[in-house]
Amino acid sequence: MKKIFLIVLSGLLGVNFQASAQDKALVNTSSSPYAKLKSINLQDVNWTDGFWKEQFDTETQQTIPFMWDLYKDPEVTHAYRNFEIAAGLMKGKHDGPSFHDGDFYKVFEGLASAYALTGDEKLDKQMDEAIELIAKAQRDDGYLHTPVVIEERWGTLGEEYLEQQLGFEKYNMGHLMTAATVHYRATGKESFLNIAKGVADFLYDFYKKASPELARNAICPSHYMGVVEMYRTLGDERYLELANNLINIRGTTNDGTDDNQDRIPFREQTTAMGHAVRANYLYAGVADLYAETGEEKLLENLESIWEDVVYRKMYITGACGSLYDGVSPDGTSYDPSEVQKIHQAYGRPFQLPNATAHNETCANIGNVLWNWRMLQLTGEGKYADIIELALYNSVLSGIGLEGQSFFYNNPLNVSEELPFEQRWGNERKGYISLSNCCAPNVTRTLAQVSNYAYNFNEDGIFVNLYGSNNLDTSLDNGESLKLSQVTNYPWDGEISISVEEIPENYSMFLRIPGWSEGAVVTVNGEEVKNEIKSGEYLQLERAWERGDEIALELPMKAKLMEANPLVEEAKNQVAIKRGPLVYCVESADLPEGVSVNDLHLNTQVSFTESTKEIKGRKVVSLKGKAFLPENTEWENKLYRPVQKNNNEIDLTLVPYYSWSNRGEGEMTVWLGY
């Protein structure tokens, strides 16, 4: 056991803190010297109507209560029970995956984020109850990872089981620190932050003493983000030192892997590699570090990796991690003993299969986390475009419309005739056995979307996302800023922003989405003559007055999209986008016996919009025509002569995020033509 417990030999420094509750953002860049944009507070934006209000209501009324009960049910998840055993309330064994602690912290973070907007006393009471239990499970030196604490207290696990549980130790600690900072900013209470301080102090001491070989066992590095957020909250320079050290030790051992992005040092990495969740979490954490240190090499590599992902390795839905199992594209030789297997992997450039796409929901959320930080570093609209793309498509697809069922992976094609079963099914579940990490992640993310809606700096307010909401915040100089936004986005592109309070000569920056063409902006009915560029922010400068009305019109015509011809799996096919939404065809909207794989489109097809209800939620569907070949029979045929597509049928497409809410069946995003 000595080898196992080397990781837990450290002491708590016991430094007292005096932190201000003034900065209450999800990601607090208010004092970050190398961030061009600052975040608004958790409480500052309230959805008032429309798409995101409906989603937030589902979150607070369905998802959060469901997830809280689920994670407290020892017959299903055992997560809460593990804390009870670790706290000494009962004797027992740890059960569940090694990342169980972290998943519970994500659920907790969802509660804290919802509480910031609702002030729901029930949520506050539930969080207090959980914090009291977690505090009892924490060791005196600040260490907290329930498998280890349970083994130390009860000796019920055994060395082999415990060894298997150590991989996600730092991942769990990272989510604890992030959840604690969100809780502190939402409630003003220091109870959970005190626990997180103990964890951060333990990590500081541990990484000062640990060998690189022992230190590198940390995978899926949520603790990079967590440590920096603790630095921002408490101002303890040791935490910034720790964050920098975490980057320095990557790639310094002989047993590093591309799967874990540590075969080579980060400062030598210029392309995306390995496990997509771990990669995107790493990139988000490095972006956080750059915001505090300004080390140019970090930003240079992040920008290079971003271009590799967005231009060569990302799906049209904003999803990441194309391969269930891949082979490292960064092997140092052709020696089979050195070639590495990678799961949930970024593959080679343009390697984007559809039916076998992995696209873990956590990777897609990681894409949002990373791009959110890149946006704050640079103020460039291209990062907000990716945030919007992923949120509306590959993040929302991870949860059912009713708010209580979840996807682990997010393919772009489902075919009944595929002659094998994949590791993860094509039907959402309330609990995904042994791999339920995505459900808590999407839970916290959808409680936090309002925090992505706006940024600000000394020049003006940046409008990132469109949805009916009220913004009520204060700037650094104490001046008040109040706006209200009314829109039916993403179902139509008419957006109205009303000024209630705004500092004199303070600019407004409107994001003109990269997908848009022909955007028109008016102020008090007068058209703005500035050059409007898609994918950038439009700066509006004037002496604003209460009651000023800004109108943004984004034409939303359905568009046929094609992939780079190097994407073999999408060659000679088209996908359909309307505004930020990617659409798909489901067998539920096709005649019986017709497969989605038999459909062909005429590229001159025109679509009409129609409101459709799925599971009590209204969506805008697209209606058009498709064609079927004369013969759709493929049994015992791998190849055949090309058939004429003479049979015309009605075609209905629904938003990709809404698929698989009407029972099992086929689905496809890409259609032949």
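The shown structure was predicted, so the numbers you read here are calculated from the model rather than taken from an experiment.

Conventions we followed
Residues numbered from 1 in each chain as written. Predicted model: local features only at pLDDT ≥ 70, side-chain atom pairs only at ≥ 80, totals over all residues. Heavy atoms only, no water. Pairing = 2+ DSSP bridges. Helix = DSSP H or I, 4+ residues; strand = E, 2+ residues; numbered from the N terminus. Buried < 20%, exposed > 50% of the residue type's maximum accessible area, 1.4 Å probe, protein only. Polar contact = N/O pair within 3.5 Å; in protein donor to acceptor, adjacent residues only side chain to side chain. Contact = heavy atoms within 4.5 Å.

Peer 1: How do you make sense of the pairing of strand E20 (residues 608-614) when you look at a structure like this?
Peer 2: Walk down a regular strand and you will see the side chains alternate between the two sheet faces. By the bridge criterion, seven bridges tie E20 to strand E21 (residues 617-628) in an arrangement that is antiparallel. Looking at the pairing, Glu609 lines up with Leu622 of E21. Linkage of E20 to E21, two consecutive antiparallel strands, is achieved through a turn of two residues, within which Lys615 is found at a positive phi near 50°.

Peer 1: In this structure, what is going on with unusual backbone geometry? I would like to understand it.
Peer 2: A negative phi holds for most residues other than glycine; trans holds for most peptide bonds. Geometrically, the link from Tyr489 to Pro490 is a cis peptide bond, its omega value of 10° lying close to zero. One can find Pro490 in the loop between strand E10 (480-487) and strand E11 (494-501). The backbone of Asn359 sits at a positive phi, close to 50°, despite the residue not being glycine. Position of Asn359 among the secondary structure elements: in the loop between strand E5 (341-346) and helix H15 (361-378). For Lys615, which is not glycine, the phi torsion reads 50° and is therefore positive.

Peer 1: What am I meant to see in the side chain of Ser222 here?
Peer 2: Residue position: Ser222 is located in helix H11 (residues 222-234). The buried category is assigned to Ser222, whose relative accessible area is 1%. Separated by 2.6 Å, the side chain of Ser222 and the backbone oxygen of Tyr171 make a polar contact. Dropping the residues within four chain positions of it, Ser222 is found in contact with Lys170, Tyr171, Gly174, His175 and Tyr281.

Peer 1: Please explain the sheet that holds strand E2 (residues 45-47) as it appears in this structure.
Peer 2: Hydrogen bonding along the main chain pairs the strands of a sheet, whether they run parallel or antiparallel. In spatial order, the strands read E2-E9-E10-E11-E16-E13-E14; together these seven strands make up an open sheet with antiparallel pairing. With partners counted over all chains shown, the strands left at the sheet margins are E2 and strand E14 (526-527), one partner each. Relative to E14, strand E13 (residues 520-523) runs antiparallel, the two sharing two bridges. Residue pairing across strands places Val523 opposite Glu526, the latter belonging to E14.

Peer 1: Any chance you could explain the pairing of strand E9 (residues 469-474) here in plain terms?
Peer 2: Across the two faces of E9 the burial differs, with Asn469, Leu471 and Thr473 buried and Asn470, Asp472 and Ser474 not buried at all. Bridge count between E2 and E9: three bridges; the pairing is antiparallel. By the bridge assignment for E9, Asn46 is matched with Asn470. Two elements, E9 and E10, share six bridges in a ladder whose sense is antiparallel. Among the inter-strand pairings, Ser474 is bridged to a residue of E10, identified as Ser480. Linking E9 to E10, which pair antiparallel, is a turn of five residues; within it Gly478 sits at a positive phi near 90°.

What is shown is where atoms sit, not what they do.
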